[in-house]
Amino acid sequence: MKKIKSLVNAVCVAITLAASASASASASASASASASATETFPVLKGYWFGQQAPGLTPELFAPDTVSVNGRYEFGLTFSPNLDEMYFTALDVIEGVDTRPKILYSKIEDGRWTEPKTVNFTNGKMSYELVPYASLNEDRVYFTARSPHEKGSGIWYVSRENGELTKAKRFDSPINNGKLSDLNQGKSGDLVFTNMSERQMYYAKNENGQYLEAKPMDIDFGIHGFISPSEDYLLVNSRTRSGKNRRDSDLFVYFKEQDGSWSDPINLGDTINTTYSETVARVSPDGKYLFFARYNEPDSVSNIYWVSTDVIAKLKKDYFNK
């Protein structure tokens, strides 16, 4: 994955009639601008942000609304009910140090809202990225960091009465170090990456308590994502296709009957290209794979998606060999 060089960085009381009129005019103008913005955003209905589902060939996800030219996007997740969507974006602005941010959209009045920056920590942390809507809890986990690393790590917001609560740092002994990409299977066990070590970890969930996190017994890979049924693990790593290539590919590990992981298997040249493919995510129903492909000029990324039938075929071939 291309190293990103830049990261996303009182009230006056009026008592005169003239000031009141001015405030009223300003509010009206703001409301009109808001209404105009809503009218220009396309009407998107149904699951998957109103997009037509792909087959065995990856397709650009939501061009011009999620995958926007000239902006990095990666790490997309849907809520278990498929009525909320979160993803990471990083603006590219010449001469400006921008920082990753999480964008959020939901189905409201039967249509998807325009994705907006959420700023879960309300500026307490410098940037937020790689959200994950839990399958087991009414939570959205994400990574948050500050320049001095104080408070950095895994954070979350909860859903209460249809609203997202104030962000909290994940209170667990495992939340120690430069962690990222936390996610879970249906059992509630945690998988995450320690970015300082470039090592994947696993923490078992026992009655709502997480046991000591242990390194995963896999050959290589970071930004790992475990399938909802926990039968396979997706990671990205530098391609093994040639010494002169420096791009990243997506690999899958299948869970063996004894609970160990298979050797890594490249997802193939339909998904992996000479561009970097990273940050794989699987939809809550297990049907679709989302990932970032850095194929724009200057290696800027877009989000692609494809049917997980491509993984099912690899699994069948692997266990029938």
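Predicted model, so just to flag it, every value in this text is computed and none were measured.

A. Quick peek at unusual backbone geometry. Residue Asn122 is not a glycine yet carries a positive backbone phi of 55°. Mapping Asn122 onto the fold places it in the loop between β6 (116–117) and β7 (127–133). On the accessibility criterion, Asn122 (67% relative accessible area) is exposed. Here Asp181, not a glycine, exhibits a phi torsion of approximately 60°, which is positive.

B. How the structure looks around the pattern of salt bridges. For the coordinates displayed, the defined rule picks out 11 salt bridges. Across the salt bridge formed by Lys106 and Glu108, the nearest N and O atoms sit 3.7 Å from each other. Since its relative accessible area comes to 39%, Glu108 is described here as partly exposed. The shortest N-O distance in the salt bridge between Arg281 and Asp181 comes to 2.7 Å.

C. Expanded view of the side chain of Asn272. Topologically, Asn272 is positioned in the loop between β21 (265–266) and β22 (277–282). Looking at Asn272, the relative accessible area reads 6%, which means it is buried. Among the polar contacts made by the side chain of Asn272, one reaches the main-chain amide nitrogen of Leu250 at a distance of 2.8 Å. Setting aside residues up to four positions removed in sequence, Asn272 forms contacts with Asp249, Leu250, Asn266, Leu267 and Glu277.

D. Focus on the packing of aromatic side chains. In the structure shown here, the tally under the stated rule is 29 aromatic pairs. Plain terms: the ring middles of Phe291 and Tyr304 are 6.1 Å apart, the flat faces sit at 20° to each other, and that makes the pair stacked. Of the two residues, Phe291 is situated in strand β23 (residues 288–293) and Tyr304 in strand β24 (residues 302–307); the sequence distance between them amounts to 13 residues. Residue Phe291 shares its accessibility class with Tyr304, and that shared class is buried.

E. Main features of the sheet that holds strand β17 (residues 214–215). The four strands lie next to each other as β12-β13-β14-β17, forming an open sheet whose pairing is antiparallel. At either end of the open sheet lies a strand with only one pairing partner, and these are β12 (179–184) and β17. Relative to β17, strand β14 (residues 199–203) is paired through two bridges, and the arrangement is antiparallel. When the bridges of β17 are listed, Tyr202 appears paired with Lys214.

F. Local environment of empty space enclosed by the protein. Empty space within the largest cavity amounts to approximately 100 Å³. Around the largest cavity, the lining comprises 14 residues; the ones closest to its centre are Thr77, Phe225, Val282, Ser283 and Pro284. Among the elements of the structure, β2 (71–78), β7 and β22 are those that each provide at least two residues to the lining of the largest cavity. When residues of the lining of the largest cavity are assigned to their parent elements, the largest contribution, three residues, is made by β2. By residue class, the composition of the lining of the largest cavity is 10 nonpolar, three polar and one charged.

Thresholds applied
- Residues numbered from 1 in each chain as written.
- Predicted model: local features only at pLDDT ≥ 70, side-chain atom pairs only at ≥ 80, totals over all residues.
- Heavy atoms only, no water.
- Helix = DSSP H or I, 4+ residues; strand = E, 2+ residues; numbered from the N terminus.
- Buried < 20%, exposed > 50% of the residue type's maximum accessible area, 1.4 Å probe, protein only.
- Salt bridge = Lys/Arg side-chain N within 4 Å of Asp/Glu carboxyl O.
- Polar contact = N/O pair within 3.5 Å; in protein donor to acceptor, adjacent residues only side chain to side chain.
- Contact = heavy atoms within 4.5 Å.
- Phe/Tyr/Trp six-rings, centres within 6.5 Å; stacked < 30°, edge-to-face > 60°.
- Pairing = 2+ DSSP bridges.
- 1 Å grid on protein atoms, 1.4 Å probe; cavity = no way out; pocket = protein on both sides within 12 Å on 5 of 7 lines; lining within 4 Å.
- Points joined across faces, edges and corners; volume = space filled by probe spheres on them.
- Nonpolar A, V, L, I, M, F, W, Y, C, P; charged D, E, K, R; others polar.

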